[in-house]
Amino acid sequence: MPTPAQSLSYYDGRLLLIGLLTTLGLAVAGCGAGFLFGFAVAILRTTRSRAMAPLRAALFVYCLLLRRIPFLVTLLLVFFACQSTNAGLSTFAVALITVGLIATAYLSEIIRGGLESVHAGQWQAARALNFTHWQALRYVIVPQAWRVILPPAVGFLVMFIKDTALASQIGVMELTSAGKVLGNKGLPSMLVYGMILLLYFLISYPLTRLGRRAESKLAFARNR
Amino acid sequence: MCVDEGEIVSLIGPSGSGKSTLLRVLMGLLPLDKGSVRMNGRIVDYADKAALRALRSDIAIVFQQYNLFQNMTVIDNVMVTPTKIRRWPRKEVEQHAIQLLSRVGLSDRLRAYPDELSGGQQQRVAIARALALKPKMLFLDEITAALDPELVDEVLETIRELSSDGIAMLIVSHEMGFVRKLSSKVVFMAQGRIVETGTPQQILDAPVEARTREFVGKILRH
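Residues numbered from 1 in each chain as written. Chains lettered and ligands numbered in written order. Predicted model: local features only at pLDDT ≥ 70, side-chain atom pairs only at ≥ 80, totals over all residues.

When helices and strands are tallied, chain B shows nine helices and eight strands. At 18 Å, chain B has a C-alpha radius of gyration in line with the 17 Å of a compact globule built from 222 residues. Summarising its shape, the C-alpha atoms of chain B cover approximately 55 × 45 × 30 Å along the three principal directions. Sorting the 222 residues of chain B into buried and exposed places 42% on the buried side. Here the analysis covers contacts within chain B between residues at least 6 apart in sequence; of these, 66% occur between residues at least 24 apart. (Helix = DSSP H or I, 4+ residues; strand = E, 2+ residues; numbered from the N terminus. Rg over C-alpha atoms; globule rule 2.2 N^0.38 Å. Buried ≥ 20, exposed ≤ 12 C-beta atoms within 10 Å, placed from the backbone. Contact = placed C-beta atoms within 7 Å.)

Moving on to the overall build of chain A. Helix and strand counts for chain A come out as nine helices and zero strands. When the helices and strands of chain A are read in sequence order from the N terminus, they spell out α-α-α-α-α-α-α-α-α. On the principal axes, the C-alpha backbone points of chain A span a range of 75 × 50 × 25 Å. Expressed as a percentage of the 224 residues in chain A, the buried residues total 31%. Put simply, 77% of the contacts in chain A that link residues at least 6 apart link residues at least 24 apart.

All names here are of chain B. Where burial is concerned, most of strand β1 (residues 8–12) is hidden: five out of the five residues are buried. Residues Ile-8, Ser-10 and Ile-12 point to one face of β1 and Val-9 and Leu-11 to the other, with burial holding for every one of them. Bridge analysis of β1 against strand β6 (residues 168–172) gives four bridges, and the strand direction is parallel. Note on β6: the bridge partner recorded for Ser-10 is Ile-171. Two elements, β1 and strand β7 (residues 185–190), share four bridges in a ladder whose sense is parallel. Counted as the bridge partner of Ser-10 is Val-186 from β7. (Pairing = 2+ DSSP bridges.)

With 18 residues of chain A in contact, the opposing surface of chain B contributes 19 residues. Counting only elements with at least two residues in the side of chain A that touches chain B, the list comes to α6 (120–128) and α7 (133–163) of chain A. Grouping the constituent residues of the side of chain A that touches chain B by class yields nine nonpolar, seven polar and two charged. (Nonpolar A, V, L, I, M, F, W, Y, C, P; charged D, E, K, R; others polar.)

Here the focus is the sheet that holds β6(B). All names here are of chain B. If you trace the six strands from one edge of the open sheet to the other, you get β4-β5-β6-β1-β7-β8, paired in mixed fashion. Two strands close off the open sheet at either side, each with one partner strand: β4 (59–62) and β8 (193–198). Direction aside, neighbouring strands of the sheet carry axes that sit 20° apart on average. As judged from the five bridges shared by β7 and β8, these two strands associate in the antiparallel manner. Its bridge partner being in β8, Val-186 is matched across the sheet by Gly-198. (Axes fitted to C-alpha atoms, helices over the stretch in contact; angles between N-to-C directions.)

For chain A, mean pLDDT is 89; residues scoring 70 or higher make up 94% of the total. Looking over chain A, one finds the lowest element-wise mean pLDDT in helix α1 (residues 4–7) of chain A, namely 56, and the highest in α6(A), namely 95. (pLDDT = per-residue confidence, 0-100.)

Once that is clear, we can look at the packing of helix α2 (residues 10–46) of chain A against helix α5 (residues 91–117) of chain A. Residues and elements named next belong to chain A. Contact geometry for α2 and α5: axes closest at 6 Å, N-to-C directions at 40°. Considered as vectors, α2 and α5 are oriented oblique to each other. Here α2 runs over α5; the crossing is right-handed. (Parallel < 35°, antiparallel > 145°, perpendicular 65-115°, else oblique. Left-handed = near helix turned anticlockwise from the far one by under 90°.)

A few words on the pairing of β4(B). Residue and element names in this part refer to chain B. Of the two faces of β4, both are covered, the one formed by Ile-59 and Ile-61 as well as the one formed by Ala-60 and Val-62. Alignment of β4 against strand β5 (residues 137–141), held across four bridges, turns out to be parallel. Residue pairing in the sheet places Val-62 in a bridge with Leu-140 of β5.

Among the secondary structure elements, A:Gly25 is positioned in helix α2. Expressed as a C-alpha distance, the spacing of A:Gly25 and A:Leu96, which sit 71 residues apart in the sequence, is 8.2 Å.

All names here are of chain B. Phi is positive for Asn-40, which is not a glycine, with a value near 50°. Mapped onto the elements, Asn-40 comes out in the loop between β2 (38–39) and β3 (42–43). Residue class for Asn-40 comes out exposed when judged on the 9 C-beta atoms lying within 10 Å of it. In the Ramachandran plot, Lys-134 falls in the positive-phi region, its phi being about 50° despite a non-glycine side chain. On the neighbour-count criterion, Lys-134 (14 C-beta atoms within 10 Å) is partly exposed.

Here the focus is the environment of A:Leu64. Residue position: A:Leu64 is located in helix α3 (residues 53–66). Between the alpha carbons of A:Leu64 and A:Arg14 there is a distance of 40 Å; along the sequence they are 50 residues apart.

With that out of the way, let us pick up the nonpolar core. If you look at the biggest cluster of nonpolar residues, it comprises 104 residues, and the most contacted ones within it are B:Ile61, B:Val62 and B:Val78. With twelve residues, the single largest contributor to this core is α5(A). Look past the residues within four positions of B:Ile61 in its chain and what remains in contact with it is A:Ala128, B:Leu23, B:Met27, B:Ala130, B:Phe139 and B:Asp141. A:Ala178, A:Leu182, A:Val192 and A:Ile196 belong to the second-largest nonpolar core, a separate cluster that totals six residues. (Core = buried A, V, L, I, M, F, W, Y, C linked by C-beta atoms within 7 Å.)

Residues and elements named next belong to chain B. Across chain B, the average pLDDT comes to 91, with 100% of residues at 70 or higher. Per-residue pLDDT, averaged within each element of chain B, yields its smallest value for helix α6 (residues 149–163) (82) and its largest for helix α3 (residues 74–85) (96). Across the whole predicted complex the pTM is 0.85, and at the interface the ipTM reaches 0.89.

Our next topic: helix α4 (residues 90–103) of chain B. All names here are of chain B. Look at α4: 20 Å from first C-alpha to last across 14 residues, which is about the 20 Å you get at 1.5 Å a residue. Among the residues of α4, Ala-97, Leu-100 and Leu-101 are the ones counted as buried. With its buried residues spanning 95° around the axis, α4 presents them on a single face. Residues Lys-91, Glu-92 and Gln-95 are exposed on α4 and point more than 90 degrees away from its buried face. Immediately beyond the C-terminal end of α4, within one or two residues, lies Gly-105, with a positive phi of roughly 80°. (Expected span 1.5 Å × (residues − 1). Arc of directions from axis to C-beta.)

Below, the structure written as structure tokens:
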């Protein structure tokens, strides 16, 4: 039986690294886009003005739909949509778009819930003190909503990172596909998937830690 | 109904008679269904954002539930609107805020968060927050209703001291002793309408309307 050092050639290691970086890229893009656009979507949905009504309706449908379609179906839809436009996007780009779309839909709902959890009296006080809608959000509502948003958001993202494995279905060489290739090459499956497992853990564990730290920092009142 | 400069007017009446609603409508927090509001002789157009801003910079409201910003310390609650919204110079605002907070007896709790304070303390912070904007008029919406009996006095004492400053006040209150002593005019409301208006003596001791007599008789017997 060969030792791991003998069985893992330079090219195998390179493949694993590519897979790791791809999965990491998808995870970071998902978290980043999810939070950024999720906030934008959630905040746009808190507006009241008539002019924004069509946009609010569109965002509502977007969140409603994407959260009820399996990840894989969305991925394939985006894949074929991109193919039909002949834009020549790589499969990685398709996966990035999909990951961003899905994370935004889920996180915007979590963020919206957080914003709505802030007591109506806080809005009322801000309005009576002449805050604009944006000033109220910035100084009063969002700082309070963070504490409600963060735990479920981190929970969702940890799950979500694992789901990026589905990108292998459209041919993206991410961590799971790399494992499959190495397995097919005849490397011991236990060894290969053991390493893959470890690498997934290494990607998602720091996120959990980061979430914890942020949560304890946000506890602005000590006696709660 | 009319509140003159520096005058203290009390709104009394049974629960659900529309006292708080009236204050909220005047503040532009609820829509005005019928009638009109005049300020300095001019009709207020609540749909006009500039007019609403002007009104809200002249009038400050203190809520029954205090509604202090939970994510800010006591001093930040008082300072946030003058510095961030009005953009007044920070140094002066800070001095004024500290002065106001020591006036309401909270100079030792400047860095505390609202939920570390008792209800009475929170309500006094809310009063300081309102005064920090140097309003011409103060609305007090049942500011003692959510407080322990023991804490009621400390808040009323604060208001009593303010009343000598010449700031106009419109007060919703069930504290009849307080209403009698402080207000120059008492307005009795029932079922969303003003039933009777007069001096405290007229309304509390010799009401004309039957509905007022019934209410006053019940509330003064306590």
